[in-house]
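What follows is the residue order along each chain.
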Amino acid sequence: MIIVLKPEATEAQIKHIVTKVKSIGLKPMISRGAERTIIGVIGEEDLLRVQPLEVFPGVEKVMPVLAPYKLVSREFKPADTIIEVNGVKIGGKKVAVLAGPCAIENFELLLSIARSVKKAGASVLRGGAFKPRTSPYSFQGLGEEGLKFLAEAKKRTGLPVITELMDLRDLELIERHADIIQIGARNMQNFDLLKEVGRSKKPVLLKRGMAATIKEWLLSAEYILQNGNFNVILCERGIRTFETEARYTLDINAVPLIKSLSHLPIVVDPSHSSGRWGLVPAIAKAAVAAGADGIIVEVHAKPEEALCDGPQSMLPEKFAKLMVELRKVARAVGREI
Ligand code: PEP
Ligand code: MN
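For every chain, the first residue of its written sequence is number 1, and the numbers climb from 1 along that sequence. Written order decides the labels, with chains lettered from A and ligands numbered from 1. Local features in this predicted model are restricted to residues of pLDDT 70 or higher, and side-chain atom pairs are both shown and tallied only at a pLDDT of 80 or more, whereas totals for entire chains, interfaces and linings draw on every residue. Here the side-chain values reflect all heavy atoms present in the structure, with hydrogen atoms and water set aside.

Enquirer: Describe the side chain of S73, with residues and values.
Expert: Strands are runs of DSSP state E lasting at least two residues, helices are runs of H or I lasting at least four, and both sets are numbered from the N terminus onward. Within the secondary structure layout, S73 lies in the loop between β4 (59-63) and β5 (83-85). Residue contacts are defined here by distance: any two heavy atoms, one from each residue, within 4.5 Å place the two residues in contact. Aside from chain neighbours lying at most four places away, what touches S73 is V65, L261, S262 and H263.

Enquirer: Provide a residue-level description of the packing of helix α6 (residues 191-198) against helix α7 (residues 214-226), including the pertinent values.
Expert: Throughout, an axis means a line fitted to C-alpha atoms (over the contacting stretch in the case of helices), and angles, computed between N-to-C directions, take values from 0 to 180 degrees. Running from amino to carboxyl end, α6 crosses α7 at an angle of 40°, the nearest separation of the two axes being 6 Å. Classed by the angle they form, the pair α6 and α7 counts as oblique. Handedness of the α6/α7 crossing: right-handed. Residue-level contacts link F191, L194, K195, V197 and G198 of α6 to S220, Y223 and I224 of α7. Each residue receives one of three labels: charged for Asp, Glu, Lys and Arg, nonpolar for Ala, Val, Leu, Ile, Met, Phe, Trp, Tyr, Cys and Pro, and polar for the others, Gly being one of them. Its residues assigned to classes, the contact of α6 with α7 shows five nonpolar, two polar and one charged. Here the angle decides the label: under 35 degrees means roughly parallel, over 145 means roughly antiparallel, 65 to 115 means roughly perpendicular, and every other value means oblique. The hand of a helix crossing depends on one turn: near helix anticlockwise from the far one by less than a right angle means left-handed, and clockwise means right-handed.

Enquirer: Any chance you could break down the sheet that holds strand β3 (residues 37-42) for me, citing the residues and the numbers?
Expert: With antiparallel pairing, four strands are arranged side by side in an open sheet as β2-β3-β1-β4. Looking along the sheet, the strands with just one partner apiece sit at the ends: β2 (27-32) and β4. Looking at each pair of strands side by side, their axes are set apart by 20° on average, direction ignored. Pairing between two strands is assigned when DSSP locates at least 2 bridges connecting them. In the sheet, strand β1 (residues 2-5) pairs with β3 via three bridges, with the strands oriented antiparallel. The residue bridging I2 from the neighbouring strand is G40, located in β3. Each of β1, β2, β3 and β4 touches helix α1 (residues 11-23); the most contacted strand, β2, lies at about 155° to it.

Enquirer: Just give me the short version of the side chain of S313, but keep the residues and values in it.
Expert: By secondary structure assignment, the location of S313 is in the loop between β14 (294-298) and α11 (316-332). One polar contact links the side chain of S313 to the main-chain carbonyl oxygen of D309, over a distance of 2.8 Å. As used in this structure description, the phrase polar contact means that two N or O atoms lie within 3.5 Å; if the pair is within protein, one of them must be able to donate a hydrogen and the other to accept it, and residues adjacent in sequence are counted only when both atoms belong to side chains.

Enquirer: So what about the site of ligand 1? Which residues, and what values?
Expert: Being near a molecule or strand, for a residue, means having at least one of its heavy atoms within 4 Å of it. Surrounding ligand 1, one finds 13 residues, the nearest of these being R126, K131, A185, R186 and R237. In this structure, an oxygen atom belonging to ligand 1 sits 2.9 Å away from a side-chain N or O atom of K207. Side-chain polar atom of E298 to an oxygen atom of ligand 1: 3.4 Å apart, as the coordinates give it. Its residues placed into classes, the shell around ligand 1 shows three nonpolar, three polar and seven charged.

Enquirer: Describe the coordination of the manganese ion (ligand 2), listing the residues and the values that go with them.
Expert: Around a metal, the perfect tetrahedron of four donors has angles of 109.5 degrees, and the perfect octahedron of six donors has angles of 90 or 180 degrees. In this listing, donors mean N, O and S atoms no farther than 2.8 Å from the metal, or 3.2 Å for Na, K and Ca; water is missing from the atoms, so a site can look incomplete. Coordination of the manganese ion (ligand 2) by the protein involves C102 (SG), H272 (NE2), E298 (OE) and D309 (OD), with metal-donor separations of 2.0 to 2.4 Å. Positions of the donor residues of the manganese ion (ligand 2) along the chain correspond to the pattern C-x169-H-x25-E-x10-D. Here E298 is found in strand β14, whereas its partner D309 is found in the loop between β14 and α11, with 11 residues between them in sequence. Residue burial is assigned from relative accessible area. The probe radius is 1.4 Å, only protein chains are included, and a residue is buried under 20% of its type maximum, exposed over 50%, and partly exposed in between. When its relative accessible area of 1% is taken as the criterion, E298 is described as buried.

Enquirer: Lay out the state of the cysteines in plain terms, naming residues and giving numbers.
Expert: We call a pair of cysteine sulfur atoms a disulfide whenever their separation is within 2.5 Å. For the structure on display, the rule yields zero disulfides. You can see C235 has no disulfide; the closest cysteine sulfur is in C102, sitting 13 Å from it.

Enquirer: Let's hear about α6: which residues, and what values?
Expert: All of the buried residues along α6 are L193, L194, V197 and G198. Along α6, the residues classed as buried sweep out an arc of 140° about the axis, all on the same side. As for α6, its buried residues are in contact with α5 (171-177), β10 (180-183), β11 (204-207) and α7. An arc is given here, and it is the one of the directions from the helix axis to the C-beta atoms.

Take a look at the structure:
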């Protein structure tokens, strides 16, 4: 349910409505737009039958949110959500670039990749310590040791860091070392994990499941917001289709669709969607042109020796070249990098 206030509604009237909403056991969330303020109301909407809010001074109308997801919807919060991580904004005018290796393999390699992506203009360092691998015989990640390397790379470069959480039991550990928690495609509908990161204070990057519809993806994000964490970044990373030439099929429609359906920022992962480093530059540029708020790219100094996702990892110099091209695309669509 959303309460749309009149443009001339006063602070006292807003406060009065908020107090009333709380007193009947509902949770108000204020969203201040350039022209008017909207108050989103969460909870048992039947309670509003007893206390119709239309009659309150300052209220223009009270409307139900028709989408199945509520808190993540544009109706609920018309203004874009901008997430700030250690001074880096995701969702604003500036396109965020998150880059780094698929997996953290050793400290020297991580630091050298971190330094090169920073030099090229990346704003966040990525690196997995807990890896969701299809085969149990593949490298599973360094675990806690990897997180320590990541934290040290952050200290040395100043780049905030993102890493994947797979198991509820690792949440505290990851919160201690990472600035953004990544929920991978395979866990997009791990609802217990979503509820738990919903209680975290750290921003969450929620990847789209490879067989998830946009509605299912947004409902998964709703779990996180519903538990109190509004700092969610959506990530389109390719879906499974009949096409086998590339690893997945990037759903570029998702970018403008998410922008119209939700206030949350969306980033695109051209590395996992294509599975081939040679395809990454074109797809990254298309994502920025389509309005993505960022890209997350895998970069490795020795892709042929990488323990995970080598074929889709860019060499640092290729990544630096991509950044130059991306800046031009960003400028052409009224953004910056
Ligand atoms: C990753 O980012 O390395 C990863 C495993 O991504 P996804 O969950 O999209 O497959
Ligand atoms: Mn990967």
